[in-house]
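The primary structure of each chain is shown beneath.
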Amino acid sequence: MKPWQEILSLKSTKVLILIVVGLLFLGLPLFASQYVSYLMLTFFAYAVMVLGLNLLFGYTGLLSFGHAFFMAIGAYTAAFLTGKFSILYMEVILVVAVIISSILAALIGAICVRYIKIYFAMLTLAFGMLFYTFLLKFYYLTGGDEGMRVLRPYLLGFNLSEIPKMQYLTRSYYIYTLVILAILTFVMWKIVSSPFGLCLKAIRDNPEKAEYLGVSVKRYRWYAFIISGAYAAIGGALLAPAIGQVDPGLTYWTHSGTLVFMTLLGGFENFFGPLIGGVVYIFLQDKVMSLTTYWRFIFGAILAFLVIVAPGGIAGVISSLVKKEKGGE
Amino acid sequence: MEKTRREFVKLVGGAALGAGVILAGKGRASAQTIPAKGAPSEPIRIGVMPGLTGVIGVPGTAAWRTTQIWADEVNASGGILGRKVELHMEEETTAKECVERFKKLTLEKKVDVIVGLMSTGNGLAVGPLAEELGQLWLAWDGTTQKGVEETMPKTKFAFKSIDNEAEAIGGAILTAKYFPKIKTIAGINNDYSYGRDCWESFQAVLKHFHPNVKAVEALWPKLGETDFTSHIAALKKAKPDLIMTSFWSGDVPILMKQAAAVGLFKTTKGCFTTGGGVHYTLKKEFTPEGLILGYNSMYFKWTDTWPLLTKFVKTYFDKYKEYPVYECDHAYFVLQAYKTAVEKCYSILGKWPTKEEVGKALSGIQVPSLSGYRGYREDNIMTCNFFMGITTHKNPYDFVTIDPVEVLTPSQIIKPTAETKLYEWIKGWKS
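Predicted model only: the values in this text are computed from it and were never measured.

### Examining the interface of chain B and chain A
- Listed as interface residues are 31 residues of chain B and, on the opposing side, 32 residues of chain A.
- Note on chain B versus chain A: buried area summed over both sides is about 2,700 Å², and carbon and sulfur give 52% of it.
- At the junction of chain B with chain A, the criterion picks out six salt bridges.
- As a salt-bridge pair, aspartate 286 of chain A and lysine 104 of chain B come within 3.1 Å of each other at their nearest N and O atoms.

Structure follows, in structure tokens:
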């Protein structure tokens, strides 16, 4: 079945929702404030990261607590290429980020996928913190705690340096990032719907049985790890120009925790769950941070509530409400 | 180092003017209740970005409290040109979040000016943003230095704090003055750019005065470390004549307590360049006399002849039962500078000034603040006196104070221009 046929084969309401959400995102800068558009831009970058994380977590059953490592690889690639090598083409930045992150994910993944559960989580956390320490200690190269500037990149070869910063971010760069997110969402949808994706789910649910059926469990986990790392790096590379500065805090374990939080908040069992979690997290954090200095406490309480009451996240709650509605009809 | 006659006159003149400002402010309180002609009627919106948790929590909270005290006082006296001030607080956290908060304050809350930020890492992220957004940003402790080099020598909207290494330079000047016979030194500084730059500049200045001084140990605990027993053991083993540290937060009393337990400073001299940042935690029971202690840009007991300081210390103590730390004056000064610049612009233009016009008025400004006269240079870098001295137990408190109090002027401790190379400047000093 061709991709467009597949989309058409979805229930009409789902297609309609996707089209409406897509158009809403596209047209948002026309009616929303620059700041809301900016927050949405950061969401697009995080959305790419959590899509990748959920391939590993939701579909393969491996919880990474060091995924900010790959995100930082992408962000620092943008900083190095624009700042040190004067390479300003965003497409080059993205390609280099994918190459570097894939190589590193292949090396690290080869070690990590030998382990599961808490051991996998701790190993990924350890690699994330190793990179954090590298960024701090090799300050002559990385800028240390002061970080590095990220210059404004060209988009599709166009130098847009004359446009005011916020206009650039909330118009040209916004659309550019949205398009990349749309493409990568579609690619991820194809991945999880493919036989490869089904194998990952089988590995998640019963690795022994999957192995017995001829699925190379470690190899498939390794593939998922590499794809996931590449997605995180693309997200990081997209986020860096929006911030304008990268620093070791991006790879600190709490940032990896934020990615996991977004995934849990939205619901890792649903394909769009992490994206819902991402957008809710970003806007919720924005509001709560302005309201109280105890915003960390509130987020901790939300996380505890999620785990205890709604482990399926927002998508899980919506899904059960829809099911209940249908059952009542 | 002696103060110059000009600097002395400035200090004394400043004290007299400071008293005048308070009296004038009192006189204005009942007179200014409606906005001045041509001024908008709505309040002035001030964005505030204090760090309230983690290692920057103590000074950040002090600065936030001061901002509120200042706002209450200004509003009670009729506001700025009759306009009340309204504070919009967004916490200083990571660089990424600071960029978001800064944009929120500018684009959503549409503030007239943003004050705050203590971390230079955050300053480096926000400085260029301030210029790009055309938003006035008056930093407390945040600079836009990369190491000891200024990355933004020419700004219109970003007003940066005094150079990070100023206190280390001051500490070295006093070390050379008070401990001229030392031969060996050791450093214990946090493992980040501020710690490294302080250690480097401290050594450069000290070796300028005493070329034969040798560094025998350099230790780098991470920022936020709370156990220094292994570091203290290494310091005891190295047996330096003097230990220098640029610790500035909760790590100062911890180091002092753990050092006291093994009598480290009984045989070794010490220079705590910035320890006064948490001065009230340095209890007499574990903080010895005879150490060099730096209070950065404000010492709560500097003088009884500067009414702004006396009044503020009383207000702060009455409200919070603590004696204020230096970050208070960073917070007080930037607001006072903004107020003065707006009033100056208005007196010239006859209308409410734009952010750019206020920025122009801020360049080169001098205003009376809690620690005397402070200002901005033409390159928009803050200038102020630094207060250091020798710890003493002869006071009515349960913590140490300093006696004598040395006032180090900007010309002594910061390079004259943003473009000046720090170590070349130090080499050019008279010995």
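Next comes the rest of the account.
### Description of the domain arrangement of chain B
All names here are of chain B.
- Domains assigned within chain B are domain 1 (5-162 + 301-383) and domain 2 (166-296 + 385-427).
- Counting residues at the interface gives 27 residues for domain 1, matched by 33 residues for domain 2.
- Interface area for domain 1 against domain 2, summed over the two sides, is near 2,600 Å², with a carbon-plus-sulfur share of 64%.
- Viewed at the interface, domain 2 and domain 1 are joined by two salt bridges.
- Here lysine 154 ties to glutamate 419 by a salt bridge, and the two come within 3.5 Å at their closest N and O atoms.
- The interface formed by domain 1 and domain 2 holds eight residue pairs in polar contact (both at pLDDT 80 or more) in total.
- Of all elements in the fold, only α1 (5-31), α2 (57-76), β6 (149-150) and β15 (382-383) reach the threshold of two or more residues within the side of domain 1 that touches domain 2.
- For the side of domain 1 that touches domain 2, a count of residues per class yields 15 nonpolar, four polar and eight charged.

### Points about the domain arrangement of chain A
Residues and elements named next belong to chain A.
- Splitting chain A by domain gives domain 1 (1-31) and domain 2 (32-252).
- Computed over C-alpha atoms, the centres of domain 1 and domain 2 are 25 Å apart.
- Taken together, the contact between domain 1 and domain 2 spans nine residues of the former and 16 residues of the latter.
- Of the roughly 1,000 Å² buried where domain 1 meets domain 2, counting both sides, 67% is carbon and sulfur surface.
- In this structure, the connection of domain 1 to domain 2 is made through zero salt bridges.
- Applying the counting criterion to the domain 1 and domain 2 interface returns two residue pairs in polar contact (both at pLDDT 80 or more).
- Counting only elements with at least two residues in the side of domain 1 that touches domain 2, the list comes to α1 (3-9) and α2 (12-31).
- Ranked by the residues each element gives to the side of domain 1 that touches domain 2, the list is headed by α2, at six residues.
- Its residues assigned to classes, the side of domain 1 that touches domain 2 comprises eight nonpolar, no polar and one charged.

Conventions we followed
- Residues numbered from 1 in each chain as written.
- Chains lettered and ligands numbered in written order.
- Predicted model: local features only at pLDDT ≥ 70, side-chain atom pairs only at ≥ 80, totals over all residues.
- Heavy atoms only, no water.
- Contact = heavy atoms within 4.5 Å.
- Buried area = accessible area lost by both parts, 1.4 Å probe.
- Salt bridge = Lys/Arg side-chain N within 4 Å of Asp/Glu carboxyl O.
- Domains from an automatic or database assignment.
- Polar contact = N/O pair within 3.5 Å; in protein donor to acceptor, adjacent residues only side chain to side chain.
- Helix = DSSP H or I, 4+ residues; strand = E, 2+ residues; numbered from the N terminus.
- Nonpolar A, V, L, I, M, F, W, Y, C, P; charged D, E, K, R; others polar.

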